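Listed here are the chains, written in short residue letters.
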Amino acid sequence: MDQSGNEFLVTVQDIRHFAQEDTHGLTLVWLLEGNVVLEVDDQPLALTANHLAIVNRHQHWRVSAQAPNVMLQVTLSAPWLTRLYSDFFAHDYHIPNENSGVWPQCDALRHLLRQLLAVTLIHHQSRYRLEAHRWLGEILLLLTSSFQQPARPSQRAANPGWSKRITQVVERINASYARRITLAEIAEAEFVSEAWLSRLFRKEVGVSFMQYITGLRLEKAAEALRSTNKPLHQIALEQGFASTRMMSDLFRRHHQMTPGEFRKLRQSAAGVPRPRLPISDNVTPVAVDKLFCLLNEPETRGWEPSSLVLSHQQERVIDLQSLTPRTAPLRHTRIIITVRELDDLLREDVRRELEALHEQIPVYGIDIAEPFLSSRLFTSGWDDPLTAGYACWYNLHQLFTWLARKCWHVLLHTGLTTRCDLLERFLQQSVNHFPQDVIAGWQFVWHWSSQATTETRETAWQTQRSLVKTFLPQAKFGLWHRFTANSRPQSDEAVLGSPIIAQADFIACPADANELLDLAQLDPARLASTENYPVQKIRQIQTALRQKQLTLPIWLLSWNTLTGNTRATNGWFFRGALLMQNLLGLADHVWLAGFWLNSGLQGESRANDKLDTSSLALQYNHGLPRPIFWVLWLWLRLRGEVVVNDKEVLLLRHQRSYQLLLRNTVVFNPGLSSEETFIQRFRQQYRIQLLGLRGKWRVKCHLYDQHNGALFPLLEANLCESGPDEEVWQWVRHKARPTLSVRDEQLQDSWQTTDSLESNALLLVELTPLN
């Protein structure tokens, strides 16, 4: 099989003997079956099945074999390569020794060559070249990103009198002479003027810029005439001449003979017969059915890397015996669950979801988002002592008694619009009506209003705080404020300098990553800064408080890492590692963190397909767990002393057990976050080795990514026009959880894992010793 063109040549052959005296382009070799010996510049290399090799430009090579084999050769022409990447031949390209370990880049190259071979076999007349160029483009990207090596020493090393600048210029010329190259291009690349570079080049090299290029092209043309049987027009094209006539004219002036006469003279003088094409006895075609059989075999791709992966491989060797853990164990902050109104707690489905949630994620308290006195429970006559056993007080008794029985605290919101006379009567009635254990867990938060005058704010604060402290001395009374994105901006000076903040028992605030992002101007720098925005904002608030000589606990009642406001931006992409990274950072800075119970109470869906990105909901419709639920679940599993902690790797030690958390944290451009190809570019490869482990261990792995437990891809795959039924909901609920795998391993002195994590994927590995 042989498919050729001006840019590339794809060949699959059974080779017993084949010699190529001069490689003008770049040749990729993949031995699909059998055993051969590849000699490159007289250096033999034994290739077995599935081995790769690269033959660089101007290398002589030959292949020999004693038995049947199948070899794929992909030859890329120099003019095409230099048009795409002018400095392509300023480097050499080399396949690493795969016997020393697993190289996912080699697996990626095999995958791309496999795709190119499949396209060549099918050879669709109308789109073959389009498909072939697609895979060739990815092959070139992979070569330049993963297989580049310093160029081999050339004749310029014999010119010690050249300056570093001229050495670099000559290197550029030698790498790109086969294409149209100008002095202006070289001068621009070297950041100097054309006139200055021209004078320096002539002074050190002894000839002008164009004379050197012309001489180099003629030298390469003469070598091709002497050692190959290529026609003149092909040699002229490969060596960068504008036409065959121009090459012939310049050749005649330099050698005083035509190219044809030079070829005859040199070949006869050397006694070398005219080169002949390989005969059929040495190279035979491979049957198409055999190639299809080889292509149908499964690929062995250890990490399944993408050829466009941006991140480099993370390799870590951790000696457990030499590490000193931190004195303090990993911290977990308290969790408070938000519902919209007080009367939502009377709903049976809300109570059922809260109880089920508490079984897996311990709940510290319930946050009532709306001012509680505006609830429909407070109808006319609620404050009449004679009706305390009826109407709203019966419902209030039900819900507050249920909350106390669960040992949950209750956070009630007030503000400037709260009537102080109604608040006083409610507190008085509560103290008289409820037992002490019911009201013991009540906390209050007062909302700061930037529009009100200073006097109005201070009067309302003092009155309401005095009422709460009078009737419920043990209750905390805090201040809620929407601090701005920057530390201590002008708009926050009013609250930071107010006497109110000094009297507060805590500070409550939100942290929405969209506060930093202007969707009309997607600045990459500002987008990247949203990665840890909740943590950054809390630190800024703490810094501002310290400058005021204040130390207050911070309650983060709502936060999010989304950078977009519609389902088409960042509403759909998986962000488990992004959430985990912020949770780990927040635990040391906030007293508690808040989450909505579900997206229905949160009111996530807005008009015009917009999303509320100011907070996180733990559940979707029908009690389906959203990503933050499982991130919290994995986060709460973490325990013990911190041994290693950085952006990618967290290692914990608890008694004799270990926990290893790998996370690939990525922030996306909102406009591209739903593009699958874009997402796959952020795949991260890990190779982690833990030294000092011996004996039998149980290894338990929890993998959580967009293909293993993510809710929205499951929903999207199972939607239909008639809508999902209860069976679909149950199936999605069953599938929407991290993938679990368990195995026992007998370790000699170390344990290692080799994994490839998709963007924002999480992998938790738990190692437990077995007796």
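Our subject is the structure listed above.
So, here is what we can say about the structure in this document.

1. Section: the overall build of the chain
Moving on, step 1. Secondary structure summary: the chain contains 26 helices and 30 strands in total.
Moving on, step 2. Counting only residues that meet the buried cut, the chain has 50% of its 771 residues in that class.
Moving on, step 3. Within the chain, contacts between residues separated by at least 24 positions form 77% of all contacts whose residues are at least 6 apart in sequence.
Moving on, step 4. Carbon together with sulfur atoms contributes 50% to the accessible area of the chain, which is approximately 36,300 Å² in total.

2. Details of the packing of aromatic side chains
Moving on, step 1. This structure, assessed with the given rule, holds 27 aromatic pairs.
Moving on, step 2. When the centroid spacing of 5.4 Å and the interplanar angle of 90 degrees are considered together, the rings of Trp402 and Trp408 count as edge-to-face. One exposure class covers both Trp402 and Trp408, and it is buried.
Moving on, step 3. A network of ring pairs unites the aromatic residues Phe372, Phe378, Phe400, Phe426, Phe434, Trp442 and Phe444 as a single cluster.
Moving on, step 4. A cation over a ring is seen here: Lys476 above Trp591, with NZ or CZ 4.3 Å from the ring centre.
Moving on, step 5. Stacked on the ring of Trp633, the Lys or Arg Arg737 has its end atom at 5.6 Å from the ring centre.

3. Remarks on the pattern of salt bridges
Moving on, step 1. In the structure shown here, the tally under the stated rule is 23 salt bridges.
Moving on, step 2. Its salt-bridge partner being Arg376, residue Asp343 comes within 2.8 Å of it at the nearest N-O pair. Taken together, the positions of Asp343 in the loop between β14 (334-339) and α12 (348-360) and Arg376 in the loop between β15 (365-368) and α13 (391-405) put the pair 33 residues apart, joining distant regions of the chain.
Moving on, step 3. Residue classification places Asp343 among the buried positions, given a relative accessible area of 10%.
Moving on, step 4. With relative accessibility at 60%, the residue Arg376 sits in the exposed group.
Moving on, step 5. Its salt-bridge partner being Arg347, residue Asp349 comes within 2.8 Å of it at the nearest N-O pair.
Moving on, step 6. A network of salt bridges, in which partner residues are shared, links Arg340, Asp344, Arg347 and Asp349.

4. Side note on unusual backbone geometry
Negative phi characterises most residues that are not glycine, and trans characterises most peptide bonds.
Moving on, step 1. If you check the backbone angles, Asn50 has positive phi at about 80 degrees while not being a glycine.
Moving on, step 2. If you trace the backbone, Asn50 turns up in the loop between β6 (43-47) and β7 (52-55).
Moving on, step 3. One non-glycine residue, Gln549, lies in the positive phi region at around 60 degrees.
Moving on, step 4. Along the chain, Gln549 falls in the loop between α20 (533-547) and β20 (554-560).
Moving on, step 5. Judged by relative accessible area, Gln549 falls into the exposed class, the value being 74%.

5. Section: the sheet that holds strand β29 (residues 750-757)
Moving on, step 1. Spatial ordering of the open sheet is given by β13-β26-β29, a layout of 3 strands whose pairing is mixed. Each end of this open sheet is capped by a strand with a single partner; those strands are β13 (314-319) and β29. For this sheet, the mean angle separating the axes of adjacent strands, direction not counted, is 10 degrees.
Moving on, step 2. Summarising the sheet, strand β26 (residues 684-691) and β29 pair through 8 bridges and their orientation is antiparallel. Residue pairing across strands places Gln689 opposite Gln752, the latter belonging to β29.

6. Some thoughts on the side chain of Gln443
Moving on, step 1. By secondary structure assignment, the location of Gln443 is in strand β17 (residues 442-447).
Moving on, step 2. Separated by 2.8 Å, the side chain of Gln443 and the backbone nitrogen of Lys476 make a polar contact.
Moving on, step 3. When residues no more than four places from it in sequence are discounted, the contact partners of Gln443 are His409, Val410, Leu411, Leu412, Ala475, Lys476 and Trp555.

7. Comments concerning the pairing of β20
Moving on, step 1. Along β20, 7 of the 7 residues are buried, which leaves the element largely enclosed by surrounding structure.
Moving on, step 2. Summarising the sheet, strand β19 (residues 507-512) and β20 pair through 6 bridges and their orientation is parallel. Pairing of Ala508 across the sheet is with Trp555, part of β20.
Moving on, step 3. With 2 bridges connecting them, β20 and strand β21 (residues 592-598) associate as parallel partners.

8. What about the side chain of Thr665?
Moving on, step 1. Inspection of the secondary structure assignment puts Thr665 in the loop between β25 (657-663) and α24 (676-680).
Moving on, step 2. In this structure the side chain of Thr665 is engaged in a polar contact, spanning 2.9 Å, whose partner is the side chain of Gln581.
Moving on, step 3. Residues in contact with Thr665, not counting those within four places in the same chain, are Glu531, Ala577, Leu578, Gln581, Lys647 and Asn760.

9. Some remarks on α20
Moving on, step 1. Taking 1.5 Å as the rise per residue, α20 with 15 residues should run 21 Å; its terminal C-alpha atoms sit 21 Å apart, in good agreement.
Moving on, step 2. Those residues of α20 that fall on the buried side of the exposure criterion are Tyr533, Pro534, Val535, Lys537, Ile538, Ile541, Gln542, Ala544 and Leu545.
Moving on, step 3. The first or second residue beyond α20 is Gln549, which carries a positive phi of 60 degrees.

10. Remarks on the environment of Gln462
Moving on, step 1. Relative to the helices and strands, Gln462 is located in helix α16 (residues 454-471).
Moving on, step 2. C-alpha of Gln462 to C-alpha of Gln503: the two residues are 41 residues apart in sequence and 9.3 Å apart in space.

11. Considering the environment of Gln581
Moving on, step 1. Here Gln581 lies in helix α21 (residues 576-586).
Moving on, step 2. Looking at Gln581, the relative accessible area reads 11%, which means it is buried.
Moving on, step 3. Residues Gln581 and Thr665 lie 84 residues apart in sequence; the distance between their C-alpha atoms is 7.5 Å.

12. Structural notes on the packing of helix α2 (residues 104-122) against helix α3 (residues 128-146)
Moving on, step 1. Packing of α2 against α3 leaves a shortest axis separation of 9 Å and a crossing angle of 165 degrees. Classified by the angle their axes make, α2 and α3 are roughly antiparallel. Considering only the axes of α2 and α3, their crossing is left-handed. For the pair formed by α2 and α3, the contact residues are Gln105, Ala108, Leu109, Leu112, Leu113, Gln115, Leu116, Val119 and Thr120 on the first element and Tyr128, Glu131, Ala132, Trp135, Leu136, Glu138, Ile139, Leu142 and Ser146 on the second.
Moving on, step 2. Taken together, the residues of the contact of α2 with α3 break down into 12 nonpolar, 4 polar and 2 charged.

13. Side note on the sheet that holds strand β30 (residues 762-769)
Moving on, step 1. Strand order across the open sheet formed by 6 strands is β23-β24-β25-β30-β27-β28, with antiparallel pairing between neighbours. The sheet terminates laterally at β23 (641-645) and β28 (739-747), the two strands that pair on one side only. Each adjacent strand pair in this sheet contributes to an overall mean axis angle of 20 degrees, direction not counted.
Moving on, step 2. Bridge count for strand β24 (residues 649-654) against β25 is 6 bridges, and the pairing is antiparallel. Counterpart to Leu651 in the pairing with β25 is Leu660.
Moving on, step 3. Packing of helix α23 (residues 627-637) onto the sheet brings it into contact with β25, β27 (695-704) and β30, and relative to β27 it is tilted by some 160 degrees.

14. A few points about helix α6 (residues 194-205)
Moving on, step 1. In this model, α6 (12 residues) spans 16 Å end to end at C-alpha, consistent with the 16 Å of a helix rising 1.5 Å per residue.
Moving on, step 2. Among the residues of α6, Leu197, Leu200, Phe201 and Val205 are the ones counted as buried. Along α6, the residues classed as buried sweep out an arc of 105 degrees about the axis, all on the same side. In this structure, α6 carries Arg199 and Lys203 as exposed residues pointing more than 90 degrees from its buried face.
Moving on, step 3. Contacts from the buried residues of α6 go to α4 (164-176), α5 (183-190) and α7 (209-227).
Moving on, step 4. Looking at the residues trailing α6, positive phi occurs at Gly206, about 100 degrees.

15. A closer look at the environment of Ser450
Moving on, step 1. One can find Ser450 in the loop between β17 and α16.
Moving on, step 2. Spatially, the C-alpha atoms of Ser450 and Asp492 are 9.2 Å apart, while their sequence positions differ by 42 residues.
Moving on, step 3. When neighbours within four sequence positions are excluded, Ser450 is seen to be in contact with Arg457 and His481.

Cut-offs and rules
- Residues numbered from 1 in each chain as written.
- Predicted model: local features only at pLDDT ≥ 70, side-chain atom pairs only at ≥ 80, totals over all residues.
- Heavy atoms only, no water.
- Helix = DSSP H or I, 4+ residues; strand = E, 2+ residues; numbered from the N terminus.
- Buried < 20%, exposed > 50% of the residue type's maximum accessible area, 1.4 Å probe, protein only.
- Contact = heavy atoms within 4.5 Å.
- Areas by Shrake-Rupley, 256 points an atom, 1.4 Å probe, with all protein chains shown as cover.
- Phe/Tyr/Trp six-rings, centres within 6.5 Å; stacked < 30°, edge-to-face > 60°.
- Lys NZ or Arg CZ within 6 Å of the ring centre and 35° of its normal.
- Salt bridge = Lys/Arg side-chain N within 4 Å of Asp/Glu carboxyl O.
- Pairing = 2+ DSSP bridges.
- Axes fitted to C-alpha atoms, helices over the stretch in contact; angles between N-to-C directions.
- Polar contact = N/O pair within 3.5 Å; in protein donor to acceptor, adjacent residues only side chain to side chain.
- Expected span 1.5 Å × (residues − 1).
- Parallel < 35°, antiparallel > 145°, perpendicular 65-115°, else oblique.
- Left-handed = near helix turned anticlockwise from the far one by under 90°.
- Nonpolar A, V, L, I, M, F, W, Y, C, P; charged D, E, K, R; others polar.
- Arc of directions from axis to C-beta.

Such coordinate-based values are descriptive only and should not be taken to indicate function.
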